[in-house]
Amino acid sequence: MQNQQNFKYEFVALMASLMSIVALSIDALLPALPKIGTSLGVFDANKHQLLITMIFLGLGFGQLIFGPLSDSFGRKPIVYFGFILFIIASIICVTTTSFEMMIIGRVLQGVGLSSPRSLSISMIRDEFNGDHMAKILSIVVMFFILVPVIAPTLGQFLLNFFNWESIFYVNLIFGVIIMIWFWIRQPETLCQEKRIKFTSHLFIDGIKEFFKHKEAVAYTLVSGFITGSFMVYLSTSQQIFQVQYNLADLFPYIFASLAISVGLATYLNSKFVVKFGMFRMAYVSIIAYAFISILYVVLFWSGINPNITVLLSFFALQFFAVGFLFGNLRALAMQPLGHIAGTGAAINGFISTVMAVPIANYIGGFVSDSVLPLFMGFSLFGILSLVVFIALKSKLQA
């Protein structure tokens, strides 16, 4: 297992790049949602959100397949298999003339991308543990956040000079470059003697082992709450800024600036988490997350959208808190699961994502002419997350 003295910067950059294929596939498409809908004969902006939320559904279910398999066959072969599926799904997306088939293609894209996304976390757990694992995850997330900073701008650029299909082609090219880098430079992190023998009940055994660790289950539920409420923002951001605020030209820059808020928080977390501990950092961040969203609901209960500067200030504060949560929640959940890192990361990702998709679809349906439902969702799930943390804190002190 690595330690701080033999920390490998290329490993961190490569893990961030594997995750970034997912981010690019989601965020670069945001400016193109209306054009894709129009091209496929769907004009309801709420239905366009499905092009974002359905890829998360595939991400959730795909992990259940690839995670346990990686515990038996190693991480690298399963990453390659997932990427091949992503290529097939992308071809479906750019060749279809049916909105329903496009949704199927997006789900399959998510299934394929679930392999590099979840197994990058498994590989980090193979190499690190404890607060240092949280530090590494924070650094990975920080680099991962750079993609949402540039992805909508890239998507808008491709729309202006080419067409919406070009976004899928650029995603493929980026993915191929990362896969070649991964193939040449990254050694297998799960050595032969630590692999679990493949059996017909491998998945069932992994689930039983996961649910033995109550803390892992609790942190996974919190991840679902936070991911779900954040996914509402991802799926409705285009609608909020382009339709409600009439800022279509500025949308990529607004999206990027808010992503920087998350990135700054993850950077600060990587600096302080070893000193203060991942539980304490996450606990304080949950309190801030709940407080900020409740404050917005109280101040703008009428449903009338505030000035764009006020809204962006609330979003920036909200996502600053989120930046401290992403890495720490995953690290806290994965800490007791080192012996089943592939399965553990898969179940953690599956539960949190499958929780998040219906949350996003339900709340997103109310975000038509006001941002208030979005912050009401933030408030509800912030409070639920805080309740879980208070219960865990009481248990730790007992």
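Residues numbered from 1 in each chain as written. Predicted model: local features only at pLDDT ≥ 70, side-chain atom pairs only at ≥ 80, totals over all residues. Heavy atoms only, no water.

**Regarding empty space enclosed by the protein**
Quick note on the threshold: A cavity here means a set of 1 Å grid points, computed over protein atoms only, where a 1.4 Å probe fits but cannot escape. A pocket is an open set with protein on both sides within 12 Å along at least 5 of 7 lines, and lining residues have an atom within 4 Å of a point. Grid points are joined across faces, edges and corners, and a volume is the space filled by probe spheres set on the points. Working definition: helices are DSSP H or I runs of at least four residues, strands are E runs of at least two. Numbering for both runs from the N terminus.
Scanning the entire structure with this criterion turns up 1 cavity of 30 Å³ or more. Size it by volume and the largest cavity reaches roughly 620 Å³. Forming the walls of the largest cavity are 31 residues, and the residues nearest its centre are Arg117, Phe144, Thr227, Phe230 and Phe326. At the level of secondary structure, the elements contributing two or more residues to the lining of the largest cavity comprise helix H1 (9-27), helix H4 (50-73), helix H6 (99-127), helix H7 (130-161), helix H10 (214-244), helix H11 (251-276) and helix H13 (308-334).

**Some words on the environment of Ser352**
Threshold: Residues are treated as being in contact if the distance between any of their heavy atoms lies within 4.5 Å.
Positionally, Ser352 belongs in helix H14 (residues 341-364). Look past the residues within four positions of Ser352 in its chain and what remains in contact with it is Thr220, Ser223, Gly224 and Arg330.

**Here's the deal with the nonpolar core**
Let me state the cut-off plainly: Residues belong to one nonpolar core when they are buried, are Ala, Val, Leu, Ile, Met, Phe, Trp, Tyr or Cys, and are joined through side-chain atoms within 4.5 Å. Partly exposed residues are those whose accessible area sits between 20% and 50% of the maximum for their type, while under 20% is buried and over 50% is exposed, using a 1.4 Å probe and protein chains only.
One finds Tyr233 and Phe315 to be the most contacted residues of the largest nonpolar core, which totals 138 residues. The contacts of Tyr233, once residues within four sequence positions are left out, are Phe241, Phe255, Leu258, Phe315, Phe319, Leu374 and Phe378.

**Brief notes about H13**
How we decide: For a helix, the expected span equals 1.5 Å multiplied by the residue count minus one. Two axes define the bend at a residue: one fitted to the seven residues ending there, one fitted to the seven starting there, and the bend is the angle between them. What qualifies as a polar contact is a pair of N or O atoms within 3.5 Å, subject to a donor-acceptor requirement within protein and to the restriction that residues adjacent in sequence count only when both atoms come from side chains.
In a regular helix each residue adds 1.5 Å, so 27 residues correspond to 39 Å; H13 covers 39 Å between its end C-alpha atoms and thus fits that length. Roughly 30 degrees is the biggest bend found in H13, and it falls at Leu325. Measuring from the backbone nitrogen of Thr309 back to the side-chain oxygen at the start of H13 gives 2.7 Å, which picks out Asn307 as the cap.

**Overview of the packing of aromatic side chains**
Keep this limit in mind: A pair of aromatic rings is counted whenever rings of Phe, Tyr or Trp (Trp by its six-membered ring) have centres within 6.5 Å, and the orientation is called stacked for planes under 30 degrees apart, edge-to-face for over 60 and tilted otherwise.
Applying the stated criterion across every chain, the model contains 35 aromatic pairs. Between the aromatic rings of Phe61 and Phe350, the centroid separation amounts to 5.1 Å while the plane-to-plane angle is 75 degrees, which identifies the pairing as edge-to-face. Taken together, the residues Phe61 in helix H4 and Phe350 in helix H14 connect sequence positions 289 residues apart. Using a relative accessible area of 42% as the deciding quantity, one classes Phe61 as partly exposed. With 5.1 Å between their ring centres and 70 degrees between their planes, Tyr362 and Phe366 make a pair best called edge-to-face. A relative accessible area of 58% places Tyr362 in the exposed class. Given a relative accessible area of 46%, Phe366 falls into the partly exposed group.

**Observations regarding the side chain of Ser270**
For Ser270, the location among the structural elements is in helix H11. Judged by its relative accessible area of 4%, Ser270 is buried. Side-chain polar atoms of Ser270 contact the backbone oxygen of Tyr267, separated by 2.6 Å.

**So, the packing of H11 against H13**
The description of two helices packed together rests on the angle between their axes and the distance between the axes. Rules: Working convention: axes come from line fits to C-alpha atoms, limited for helices to the stretch in contact. Angles between N-to-C directions cover 0 to 180 degrees. An angle below 35 degrees is treated as roughly parallel, one above 145 as roughly antiparallel, one from 65 to 115 as roughly perpendicular, and anything else as oblique. Whether a crossing is left-handed or right-handed is set by the direction in which the near helix is turned from the far one by less than a right angle, anticlockwise for left-handed and clockwise for right-handed. Side-chain classes are defined by residue name, with Ala, Val, Leu, Ile, Met, Phe, Trp, Tyr, Cys and Pro counting as nonpolar, Asp, Glu, Lys and Arg as charged, and the others, Gly among them, as polar.
The contact between H11 and H13 brings their axes to 7 Å, and the two run at 40 degrees. Compared by their axis directions, H11 and H13 come out oblique. Viewed along their axes, H11 and H13 form a crossing whose handedness is right-handed. Counted together, Ile254, Leu258, Ser261, Val262, Leu264, Ala265, Thr266, Leu268, Asn269 and Val273 of H11 and Leu312, Phe315, Ala316, Phe319, Phe320, Gly323, Phe324, Phe326 and Asn328 of H13 form the full contact between these two elements. Its residues assigned to classes, the contact of H11 with H13 shows 14 nonpolar, 5 polar and no charged.

**Concerning the packing of H10 against helix H12 (residues 278-299)**
For the pair H10 and H12, interaxial distance at closest approach is 13 Å and the crossing angle is 40 degrees. Between H10 and H12, the crossing angle belongs to the class labelled oblique. The hand of the H10/H12 crossing is left-handed. Mapping the contact onto sequence places Tyr219, Val222, Ile226 and Ser229 in H10 and Phe279, Ile286 and Tyr289 in H12. Of the residues that constitute the contact of H10 with H12, the class distribution is 6 nonpolar, 1 polar and no charged.

**A look at the confidence of the model for the protein**
Basically, it comes down to this: Confidence of the prediction at every residue is given by pLDDT, a number between 0 and 100.
Of the residues in the protein, 97% reach a pLDDT of 70 or more, and the chain-wide mean stands at 88. For the protein, helix H3 (residues 45-48) is the element with the lowest average pLDDT, namely 80, and H12 is the one with the highest, namely 95. Here residues 1-5 is a poorly scored stretch, pLDDT under 50, and it has 12 contacts once near neighbours within four places are set aside; other chains count.

**Examining the pattern of salt bridges**
The line we're drawing: Basic side-chain nitrogens of Lys or Arg form a salt bridge, by our definition, when they fall within 4 Å of a carboxyl oxygen of Asp or Glu.
In this structure the tally under the stated criterion is 4 salt bridges. Note that Glu10 and Arg185 form a salt bridge whose closest N and O atoms lie 2.7 Å from each other. You can see Glu10 sitting in helix H1 and its partner Arg185 sitting in helix H8 (residues 165-185), a full 175 residues away along the chain. The residue Glu209 makes a salt bridge to Lys212 at a minimum N-O spacing of 3.5 Å. A network of salt bridges, in which partner residues are shared, links Asp71, Arg75 and Asp126.

**As for a nonpolar patch on the surface**
Formally: Every patch collects residues that have over 30% relative accessible area and no salt bridge, joining them within 9 Å if they carry like charges and within 5 Å if they are nonpolar side chains (Val, Leu, Ile, Met, Phe, Trp, Tyr). Using the Shrake-Rupley algorithm and a 1.4 Å probe, accessible areas are obtained, with residue cover drawn only from the displayed protein chains.
Taken together, the side chains of Val176, Ile180, Trp183 and Ile184 define a hydrophobic patch exposed on the protein surface, amounting to about 420 Å² of accessible area. By secondary structure assignment, the location of Ile180 is in helix H8.

**Examining H1**
End to end, H1 covers 26 Å across 19 residues, agreeing with the expected 27 Å (1.5 Å per residue, within 8%). Considering bend angle alone, the principal kink of H1 is centred on Met19 and spans about 30 degrees. In terms of burial, H1 is a largely internal element, 16 of the 19 residues being buried.

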